[in-house]
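Observations on chain architecture
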Amino acid sequence: MFKVTRHPMMSAFTLWGIAHILVAPSLRTIIFAGGMIALALIGSRGQDAKKAALYGADWKVWMRRTSFLPKPSAFGNLGLYWVAALPVWLLLTWLHLKLALIPAGLWVWLEQL
């Protein structure tokens, strides 16, 4: 994952927030998901600052080798991780329908059949 970004979890929260704002742009979604985006980005910057203070030059080298924002071009280098991620994605989007009562992912189209 570090080929894509040095903050994979925070990037995931940010992408989650952006996706939810795009598909459901209500005031409550913008406030909630926008807050998640802000926390993720501010938290990532805070992690970088803390690690820079703790590790100095070594962390600066790591920062040059990794990207703060996700690099879409690096997704192709993940190899078999995609195979493991697909069932997890299917499960989570299925749970979205069962728990939130709103279809997500592949289930949006399957529900229309």
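Rules used in this analysis
Note on numbering: residues in each chain are counted from 1, in written sequence order. Totals for whole chains, interfaces and linings use all residues, but because this is a predicted model, local features are given only for residues with pLDDT of at least 70 and pairs of side-chain atoms are given and counted only at 80 or more. Side-chain calculation: all heavy atoms of the structure are included, whereas hydrogens and water are not. Numbering goes from the N terminus for both helices and strands, where a helix is a DSSP run of H or I of at least four residues and a strand is a run of E of at least two. Multiply 1.5 Å by the residue count of a helix minus one, and that product is the helix's expected span. Three labels apply to residues, based on accessible area from a 1.4 Å probe with only protein chains included: buried if under 20% of the type maximum, exposed if over 50%, partly exposed otherwise in between. In what follows, a contact means two residues having at least one pair of non-hydrogen atoms within 4.5 Å. Only residues whose relative accessible area exceeds 30% and that form no salt bridge enter a patch; like-charged residues are grouped when within 9 Å of one another, and nonpolar side chains (Val, Leu, Ile, Met, Phe, Trp, Tyr) when within 5 Å. For the area figures, the Shrake-Rupley method with a 1.4 Å probe applies, and any residue is considered shielded solely by the protein chains shown. Here, a salt bridge means any side-chain nitrogen of Lys or Arg that lies within 4 Å of a carboxyl oxygen of Asp or Glu. Side-chain rings of Phe, Tyr and Trp, where Trp is taken by its six-membered ring, are said to pair if the distance between their centres is within 6.5 Å; with planes under 30 degrees apart they count as stacked, over 60 as edge-to-face, and otherwise as tilted. Note on criteria: charge over ring means Lys NZ or Arg CZ within 6 Å of the ring centre, with the direction from the centre no more than 35 degrees off the ring normal. Axes here mean lines fitted to C-alpha atoms, for a helix over just the part in contact, with angles spanning 0 to 180 degrees between N-to-C directions. Angle categories: roughly parallel below 35 degrees, roughly antiparallel above 145, roughly perpendicular from 65 to 115, and oblique for all the rest. For a crossing to be left-handed, the near helix must be turned anticlockwise from the far one by less than a right angle; the clockwise case is right-handed.

1. Some remarks on helix H2 (residues 27–55)
In this model H2 runs 41 Å from its N-terminal to its C-terminal C-alpha over 29 residues, within 8% of the 42 Å that 1.5 Å per residue would give. Residues Thr 29, Ala 33, Ile 37, Ala 40, Ser 44, Asp 48 and Ala 52 constitute the buried set of H2. Residues of H2 that are buried make contact with helix H1 (8–23) and helix H3 (57–65). Phi for Gly 56, located one or two positions after H2, is positive at around 55°.

2. So, a nonpolar patch on the surface
On the surface, Leu 86, Trp 89, Leu 106, Trp 109 and Leu 110 cluster together into a nonpolar patch covering about 520 Å² of accessible area. Secondary structure elements with two or more residues in the nonpolar patch: helix H4 (81–100) and helix H5 (106–112). In terms of residue count, H5 provides more of the nonpolar patch than any other element does, 3 residues in total. By the element assignment, Leu 106 lies in helix H5. Owing to a relative accessible area of 36%, Leu 106 belongs among the partly exposed residues under this scheme.

3. Comments concerning the packing of aromatic side chains
One pass over the full model with this rule turns up 2 aromatic pairs. With a centroid separation of 5.5 Å and an interplanar angle of 75°, the aromatic rings of Phe 2 and Trp 62 are classed as edge-to-face. Here Phe 2 is found in the segment before H1, whereas its partner Trp 62 is found in helix H3, with 60 residues between them in sequence. The residue whose ring lies beneath Arg 45 is Phe 68, and the NZ or CZ to ring-centre distance is 4.0 Å.

4. Remarks on the packing of H1 against H2
Their axes nearest at 8 Å, the elements H1 and H2 cross at an angle of 160°. One element, H1, and the other, H2, form an angle in the roughly antiparallel class. Here the hand of the crossing between H1 and H2 comes out left-handed. Contact residues: Met 10, Phe 13, Thr 14, Trp 16, Gly 17, Ile 18, His 20 and Ile 21 in H1; Thr 29, Ile 30, Phe 32, Ala 33, Gly 34, Met 36, Ile 37, Ala 40, Leu 41, Gly 43, Ser 44 and Gln 47 in H2.

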